Amino acid sequence: MLDLHSHKNFGKNVIHNISPKEWDAFSRKYPQQLVSVGVHPWNVTQFSLLEDLERLLKIVNNKRVYAIGETGLDKRCSSAFSLQVQSLEHHICLSEKYEKPLILHCVAAYNELQLLKRRYRPKQRWILHGFRGNPILAKQLLLDDFYFSIGWNFNTETIKILPEEKIYFETDESDVSIEEIRTKVNAYRK
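Model, not experiment: these values are computed from the prediction.

Analysis parameters
Residues numbered from 1 in each chain as written. Predicted model: local features only at pLDDT ≥ 70, side-chain atom pairs only at ≥ 80, totals over all residues. Heavy atoms only, no water. Salt bridge = Lys/Arg side-chain N within 4 Å of Asp/Glu carboxyl O. Helix = DSSP H or I, 4+ residues; strand = E, 2+ residues; numbered from the N terminus. Buried < 20%, exposed > 50% of the residue type's maximum accessible area, 1.4 Å probe, protein only. Core = buried A, V, L, I, M, F, W, Y, C linked by side-chain atoms within 4.5 Å. Contact = heavy atoms within 4.5 Å. Expected span 1.5 Å × (residues − 1). Phe/Tyr/Trp six-rings, centres within 6.5 Å; stacked < 30°, edge-to-face > 60°. Pairing = 2+ DSSP bridges. Right-handed = clockwise from strand over helix to strand, strands pointing away.

## Considerations on the pattern of salt bridges
Tallied over the full model, the rule gives nine salt bridges. Measuring nitrogen to oxygen at the nearest pair gives 2.1 Å for the salt bridge that ties Asp145 to Lys166. Placement of the pair is Asp145 in the loop between helix 5 (135-143) and strand 7 (147-150) and Lys166 in the loop between helix 6 (156-161) and strand 8 (167-169), with a sequence separation of 21 residues. Note on Lys166: relative accessible area 10%, which makes it buried. In this structure, a network of salt bridges that share partners links the residues Lys21, Glu51, Asp52 and Arg55.

Below you can see the structure in the form of structure tokens.
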């Protein structure tokens, strides 16, 4: 079973999340590990954005890069929202060009994210990592063909309405196994 998004776990079926700055050291230490690589919205600053995106461009085509991200939009962090949008648009273009899924962090910016998805009309999957939203939000996002990565904490009513083919599982920063997460989710889906 695939662990789509992890900061702690390693292994054949784990996608470990790193930033472009971590690539060189990480790839030397873990030469076989699949990764998702992106600039998190919390880390978007006008001073580092160009440098981070240039690094990302150099590594995105590596066969070990399974997905682009974690990237996204977060209205509750200190990074300028306009820079977050600019960063996300670069990630979207890379996701499409290199045909890799996009792993998304979103806080209080789902409307903006949906508008971007409608504007870009991506062919690649847009996967909302750590999704905990309510059923109303989930239904709206399903209309725009979003996918959902579910971790240990989730909305138990939402999980009942998500189609199985739209669900991924993740450990993120949790100490529980991906199997435990899947078992917990499936208990609520019955």
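Here the narrative resumes.
## Digging into the nonpolar core
A general feature of soluble globular proteins is that nonpolar side chains tend to end up buried together. Judged by nonpolar contacts, the single largest core of 45 residues is most densely connected at Leu113, Leu128, Phe131 and Ile150. Residues in contact with Ile150, not counting those within four places in the same chain, are Phe131, Ile159, Leu162, Ile167, Tyr168, Phe169, Glu170, Ile181 and Val185. Within the second largest apolar cluster, six residues are counted, among which are Leu4, Ala67, Ile127 and Tyr147.

## Here's the deal with helix 3 (residues 81-97)
Helix length check: helix 3 (17 residues) gives 24 Å between terminal C-alpha atoms against 24 Å at 1.5 Å per residue, within 8%. All buried positions along helix 3 are accounted for by Leu83, Gln84, Ser87, Leu88, His91, Ile92, Leu94 and Ser95. Contacts from the buried residues of helix 3 go to helix 2 (49-59), strand 4 (65-74), strand 5 (102-107), helix 4 (110-120) and strand 6 (126-128). Within two residues after helix 3, Glu99 carries a phi angle of roughly 55 degrees, on the positive side.

## A word on unusual backbone geometry
Cis geometry is found at the peptide bond from Gly69 to Glu70, where omega equals 25 degrees. With respect to the helices and strands, Glu70 occurs in strand 4. Of note in the backbone geometry, Ala108 takes a positive phi value of approximately 60 degrees without being a glycine. Relative to the helices and strands, Ala108 resides in the loop between strand 5 and helix 4. Unlike most non-glycine residues, Arg121 shows phi in positive territory, near 45 degrees.

## Quick notes on the packing of aromatic side chains
The relation between two aromatic rings is expressed through the spacing of the ring centres and the mutual angle of the planes. The full count for this structure, using the stated rule, is eight aromatic pairs. Ring centres of Trp126 and Phe146 lie 6.0 Å apart, and the angle between their planes is 70 degrees; this geometry places the pair in the edge-to-face category. One end of the pair, Trp126, is in strand 6; the other, Phe146, is in the loop between helix 5 and strand 7, with 20 residues separating them in the sequence. In this structure, Trp126 and Phe146 share a single accessibility class: buried. Measuring from ring centre to ring centre gives 6.3 Å for Tyr147 and Tyr168, while their planes differ by 55 degrees; the resulting arrangement is tilted. Of this pair, Tyr147 sits in strand 7 while Tyr168 sits in strand 8; the two residues are 21 residues apart in sequence, bridging distant segments of the chain. We note that Tyr147, like Tyr168, is buried. Of the aromatic side chains, those joined through ring pairs into one cluster are Phe10, Phe26 and Tyr30.

## Some details on the pairing of strand 4
Strand residues, when the strand is regular, have side chains that alternate between the two faces of the sheet. Burial runs high along strand 4: nine of the ten residues are buried. Pairing of strand 3 (residues 35-37) with strand 4, which is carried by three bridges, proceeds in the parallel orientation. Counted as the bridge partner of Val35 is Val65 from strand 4. The sheet contact formed by strand 4 and strand 5 spans five bridges and is parallel. Bridge assignment links Thr71 to a residue of strand 5, and that residue is Leu104. Handedness of the strand 4-helix 3-strand 5 crossover: right-handed.

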